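Spelled out, the chains give:
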Amino acid sequence: METLHMIWEVVVDFFSNDTVATVAKGLLILLGAWWVGRAVSKGLEGALRKKLSAQHLMLLRRGVFYTILMIGLFMSLQHIGLDLGVLLGAAGILTVAIGFASQTSASNLISGLFLIVEQPFVVGDTIRVGTTTGIVLSVDLLSVKLRTFDNLFVRVPNETLVKSEITNLSHFPVRRYDLIVGVAYKEDLKKVRGVLLKVAEENNLVLDEPEPLILFQGFMDSAITFQFSVWATRENFPDVRNQVPVAVKAAFDAANIEIPFPHRTLYTGSVTEPLPVALITQHQEAS
Amino acid sequence: MKREIWWGDVELELEGRERWVVGPLELWLARYPLEWRVGYRRNEDPSVAEVIHGEPWPEEQRLDEDVEVQRFAFKETPSTLTLTPILADRPLVARTETPLILPSGEEMVVYVSTPVWVKLGVAATDLLEVTSYRPSDTWFGPTTGGGELCYGLRSRARVERSQLEEHPARAVTALTMRNHSSKPLAFDRLKLPVQHLELHSTEDFGFWTSSLTVEHESSEEAPLVKVESRLPEGLGDVMRVSDARAQPERGGLRRALGALWR
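Okay, so let's go over this structure. The numbers attached to residues start from 1 for each chain and follow its sequence in the written order. All chains are assigned letters beginning with A, and all ligands numbers beginning with 1, in the order in which they are written. It should be noted that, the model being predicted, local features are given only for residues of pLDDT at least 70 and side-chain atom pairs only at 80 or more, the latter also being counted only at that level, while totals for whole chains, interfaces and linings use all residues. Excluding hydrogens and water, the side-chain values take into account all heavy atoms of the structure.

### Structural notes on the pairing of strand E8 (residues 224–233) of chain A
Residues and elements named next belong to chain A.
Line of reasoning, step 1. The buried fraction of E8 is high, at 10 of 10 residues.
Line of reasoning, step 2. Neither face of E8 is open: one carries Ile224, Phe226, Phe228, Val230 and Ala232, the other Thr225, Gln227, Ser229, Trp231 and Thr233, and all of them are buried.
Line of reasoning, step 3. Where strand E6 (residues 174–183) and E8 come together, 10 bridges link them in antiparallel fashion. Bridge pairing in E8 links Arg176 to Trp231.
Line of reasoning, step 4. Two strands form a pair only when DSSP identifies at least two bridges running between them. Secondary structure follows DSSP: runs of H or I at least 4 residues long count as helices, runs of E at least 2 residues long count as strands, and numbering of each begins at the N terminus. As judged from the 6 bridges shared by strand E7 (residues 213–219) and E8, these two strands associate in the antiparallel manner. By the bridge assignment for E8, Ile214 is matched with Phe228. Per-residue accessibility, obtained with a 1.4 Å probe over protein chains only, is compared with the maximum for each type, and a residue is labelled buried under 20%, exposed over 50%, and partly exposed between these values.

This is the structure:
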């Protein structure tokens, strides 16, 4: 009991000390600012949820929160009695030093601002950068975060995005699917065209317009190849991509159109005479 | 052909099961204490015109695998299911088999037939919409960068009413086209804003929608498309079956890339 009383006396004495009280008040101001910042930023986000895109909402929430937190920090430091002038001066020199040391980060930061202004994509779009394809999760200060289709997390620096080519797969509402198909040389090409167009017509997800395209590609080594292009909405694209080749194969089988395996022709010399071939059967070997 | 009314309320007791056929669409309805079950299947041949009202469907008879089934749960299933014919949920682009040319100063009426959707509902709630014929998707717009997703159909675009064929699951739209410009108006596709049209049942000629008027002033402007609730004459007694899904903007007058967009 005595010990408890002693401990309590020590604690009260500690907090009665002026310096400690001031610092404690300063911390309380900071805590208050943190709490107010959270409340205001969340409130604003909720109020403007329907008017702004996901990306802008996130930026607004973070911007408001950190601004209020900074104000709280300055107020708290002022209350504690620190001379802000000196602090700001020191911060200035430190910034320059850090700036030189972190040129890449600065470049990423500025690139990020350019991306926000230019908006080649928004949060939720699917983009392809180099060999990485994924859904944009967030556009942050220094980088953009992607989630690939096989659920991997990719961080792409903003500088890379501004410097290189980005393909936005979600920008336009319709997409074209190109299927390269080869048919045997013996086939009637008009019949092949007819069969391919019928496949497109029978699939409801393939758009009537823009019309399906059949482009002759070339007289290749083993087959005559065509590019069969069909259009579909962005949402139906995966289904069309899976259904059309299956349907083409089925239609070709039904119409007896051959998709040939690679062919090699053997010549014996400059004049094409048949190669001599001897057939040895088991019967002959036995005798 | 006398009007055959296949739509309306379907009363089923508990454990009651019925099969309905509307043209190429087959419907199986079953009522249980806590759920309504709806099965549907479309015939690949859209010209099938059979109508069967509430044929009892025995319990032992299982549905084929290609029948799509949907289940609707209720605290206590209402005894009445309503079948309502309605028009498509997207605009329909009718492509004419041969291009039609309307000379300058001329007027004509084109008749286009579109499939009818069937809406199933209980009390005031809509449960499901099924089409009697699923048209192909198509894109309507000046470029692939923007535009609208529509349904696409091939149409004979008849100009003589006597050539129209009746069908229990199709609705006819009469388009009056007027060419006020100095050049002939050629078109091979018509975008019908069916979501703004009402559906009527006529005594003598099956389903008919509100009429459309297309006024073509000049080739620089898109034609003016107007929806009119007045139907052509000679259809007998007319009964409105369903309202338009959406009202057109600015009270009926809409500018649409109706006739030409190429």
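Continuing now.
### Focus on a nonpolar patch on the surface
Line of reasoning, step 1. A cluster of nonpolar side chains, contributed by A:Ile7, A:Trp8, A:Val11, A:Val12, A:Phe14 and A:Phe15, occupies part of the molecular surface with about 610 Å² of accessible area.
Line of reasoning, step 2. For A:Val11, the location among the structural elements is in helix H1 (residues 2–16). For patches, a residue must show more than 30% relative accessible area and have no salt bridge; joins then use 9 Å for like charges and 5 Å for nonpolar side chains, namely Val, Leu, Ile, Met, Phe, Trp and Tyr. Where accessible areas are quoted, they stem from the Shrake-Rupley method and a 1.4 Å probe; at the residue level, only the protein chains shown are allowed to cover. The term salt bridge refers to a side-chain nitrogen of Lys or Arg lying within 4 Å of a carboxyl oxygen of Asp or Glu.

### So, the interface of chain A and chain B
Line of reasoning, step 1. We call two residues contacting when some pair of their heavy atoms lies within 4.5 Å. Listed as interface residues are 16 residues of chain A and, on the opposing side, 16 residues of chain B.
Line of reasoning, step 2. For the pair chain A and chain B, the two sides together bury roughly 1,300 Å², of which 49% comes from carbon and sulfur.
Line of reasoning, step 3. By convention, the term buried area covers the 1.4 Å-probe accessible surface removed from two parts as they join, with the contributions of both added. Looking only at chain A, the three residues that lose the most surface to chain B are A:Asn204, A:Asp208 and A:Glu209, adding up to 48% of its buried area.
Line of reasoning, step 4. If you look at where chain A meets chain B, you find 3 salt bridges.
Line of reasoning, step 5. Taking the shortest distance from any N to any O, the salt bridge between B:Arg95 and A:Glu211 comes out at 3.3 Å.
Line of reasoning, step 6. Pairs of N or O atoms are called polar contacts if they sit within 3.5 Å, as long as, within protein, a hydrogen donor faces a hydrogen acceptor (for residues adjacent in sequence, only side-chain-to-side-chain pairs). Here chain A and chain B share 8 residue pairs in polar contact (both at pLDDT 80 or more) between them.
Line of reasoning, step 7. The residue inventory of the side of chain A that touches chain B, partitioned by class, reads 8 nonpolar, 4 polar and 4 charged. When residues are sorted by character, Ala, Val, Leu, Ile, Met, Phe, Trp, Tyr, Cys and Pro go into the nonpolar class, Asp, Glu, Lys and Arg into the charged class, and all the rest, Gly among them, into the polar class.

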